[in-house]
Amino acid sequence: ARGVERDFENVYTVFLTFSASARSGAGNWNRCPANHLDDLKSAWPAVRRSLDRALEGRDWEYMSMLEPHEGGSGDISAGGYAHCHVAVIVDGPVTESQFDPVLKSHVNNCLAAGPEAHTLDRACEIKHDREISNLGRYLTKYLMKWGEDPLEAPEHVQRFNTLLWATGTRRWSVSDGAQEWVKSPEPDLEEGRDWEPT
């Protein structure tokens, strides 16, 4: 958040959600979660190029995060599947229509992605910096909190964590510029002020 405030004057954050069906197109059964994850990730190079085109000439960075899909009530087979949230942080105003080609790029490059789940009203949300009180906390709200026991997590989360471990997949990644923001040093504290991390 400090890096964004330092480098960008008028911050807009675009939240995009990318998903894929867990059902096989060739039959009525659930796909292997590892194959599903591969398909979900396979569209990222095309999505990234589409973002470059949509935001050409603009300053922007991104954070991409995988999240476990809980599934419906009683649907234990849905546990362990993933969908992806991408936060695109842009300096200056943007419109939803700029991101329609980005969502279509995912659908066109991910075998199991359907257009009905990737419409602007379902998979794109734009927020101005004044609408988010703590950008860092907002972006990482789905990550496991420090000190939580992973074996106490809900079953669908444990399955998801197992999938990431078995496939050697990182839960989140950031663009090069956002990586520099992550490395930003702590601000100088006022002398004599008590400070504890929250």
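Our structure is the block above this text.
Quick caveat, the model's predicted, so the values are computed rather than measured. Counting from 1, residues in each chain are numbered in the order their sequence is written. Where totals are concerned, whole chains, interfaces and linings use all residues; where local detail is concerned, this predicted model gives features only for residues with pLDDT of at least 70, and gives and counts side-chain atom pairs only at 80 or more. Water and hydrogen atoms were dropped before computing side-chain values, which therefore reflect all heavy atoms in the structure.

Attention now moves to the overall build of the protein. Secondary structure follows DSSP: runs of H or I at least 4 residues long count as helices, runs of E at least 2 residues long count as strands, and numbering of each begins at the N terminus. A tally of regular secondary structure across the protein gives eight helices and five strands. Beginning at the N terminus, the succession of helices and strands in the protein can be written as α-β-α-α-β-β-α-α-β-α-α-β-α. Burial statistics for the protein: of 198 residues in total, 39% are counted as buried. Residues are treated as being in contact if the distance between any of their heavy atoms lies within 4.5 Å. Restricting the contact set of the protein to residue pairs at least 6 apart, pairs at least 24 apart contribute 76%. Surface accessibility follows the Shrake-Rupley procedure with a 1.4 Å probe radius. Residue values consider only the protein chains on display as shielding. Accessible surface, the protein: about 12,200 Å² in total, of which carbon and sulfur atoms supply 49%. When accessible area is computed with a 1.4 Å probe and restricted to protein chains, residues below 20% of their type maximum are described as buried, those above 50% as exposed, and intermediate ones as partly exposed.

The next thing to look at is the environment of Arg31. Along the polypeptide, Arg31 turns up in the loop between β1 (11–18) and α2 (33–42). With relative accessibility at 17%, the residue Arg31 sits in the buried group. Placed ten residues apart in sequence, Arg31 and Ser21 show a C-alpha to C-alpha distance of 8.6 Å. When near neighbours in sequence (up to four residues on either side) are disregarded, Arg31 contacts Ser21, Ala22, Arg23, Ser24, His36, Asp39, Tyr81 and Ala112.

A carboxyl oxygen of Asp or Glu within 4 Å of a side-chain nitrogen of Lys or Arg is what we treat as a salt bridge. Across all of its chains, the model carries six salt bridges by this definition. For the salt bridge of Lys104 with Asp100, the shortest nitrogen-to-oxygen distance reads 3.0 Å. In this pair, Lys104 and Asp100 both sit in helix α4 (residues 100–109), four residues apart, roughly one turn of the helix. Residue classification places Lys104 among the partly exposed positions, given a relative accessible area of 48%. For Glu155, the salt bridge identified is with Arg159, shortest N-O distance 2.9 Å. Separated by four residues within a single helix, Glu155 and Arg159 lie in helix α7 (residues 155–167), roughly one turn from each other. With a relative accessible area of 31%, Arg159 lands in the partly exposed category.

Okay, α2 next. Of all the positions in α2, only His36, Leu37, Asp39 and Leu40 are classed as buried. Seen along its axis, α2 keeps its buried residues to an arc of 160°; they face one direction. For α2, the elements touching its buried residues are β1, β2 (60–68), β3 (82–91), α4 and α7. Directions pointing from the helix axis toward each C-beta atom define the arc.

Okay, the side chain of Glu61 next. By the secondary structure assignment, Glu61 is in strand β2. Within this scheme the basic residues Lys and Arg register as positive and the acidic residues Asp and Glu register as negative, but His and the chain ends are omitted. Buried charged residue Glu61 carries no salt bridge. Nearest counter-charge: Arg48, at 6.5 Å. Under this definition, polar contacts are N or O atom pairs within 3.5 Å; protein pairs additionally need one hydrogen-donor-capable and one acceptor-capable atom, and for neighbouring residues in sequence, both atoms have to be side-chain atoms. A polar contact of 3.2 Å, which involves the side chain of Glu61, links it to the backbone nitrogen of Gly177.

Membership of the largest hydrophobic core comes to 31 residues, with the highest contact counts inside it found for Leu16, Phe18, Leu51, Leu55, Leu66, Val88 and Phe99. Secondary-structure elements contributing two or more residues to this core are β1, α2, α3 (44–54), β2, β3, α4 and α7. Counting 14 residues, the second-largest nonpolar core is a separate cluster that includes Val4, Phe15, Leu135 and Ala178. As used here, the term nonpolar core means buried Ala, Val, Leu, Ile, Met, Phe, Trp, Tyr and Cys residues forming a set that is joined through side-chain atoms within 4.5 Å.

Attention shifts here to α3. Within the span of α3, buried status applies to Ala46, Val47, Ser50 and Leu51. For α3, the arc enclosing every buried residue in end-on projection is 140°, short of the 170-degree limit, so these residues lie on one face. Those residues of α3 that are buried are in contact with β1, β2, β3 and α4.

Counted residue by residue, β3 has nine buried out of ten residues, so it is predominantly covered. Strands pair, by our definition, only if DSSP identifies at least two bridges between them. Strand direction decides the pairing type here: β1 and β3, joined by eight bridges, are antiparallel. Its bridge partner lying in β3, Val11 is registered against Asp91. Judged from the nine bridges that link them, β2 and β3 form a sheet pairing that is antiparallel.

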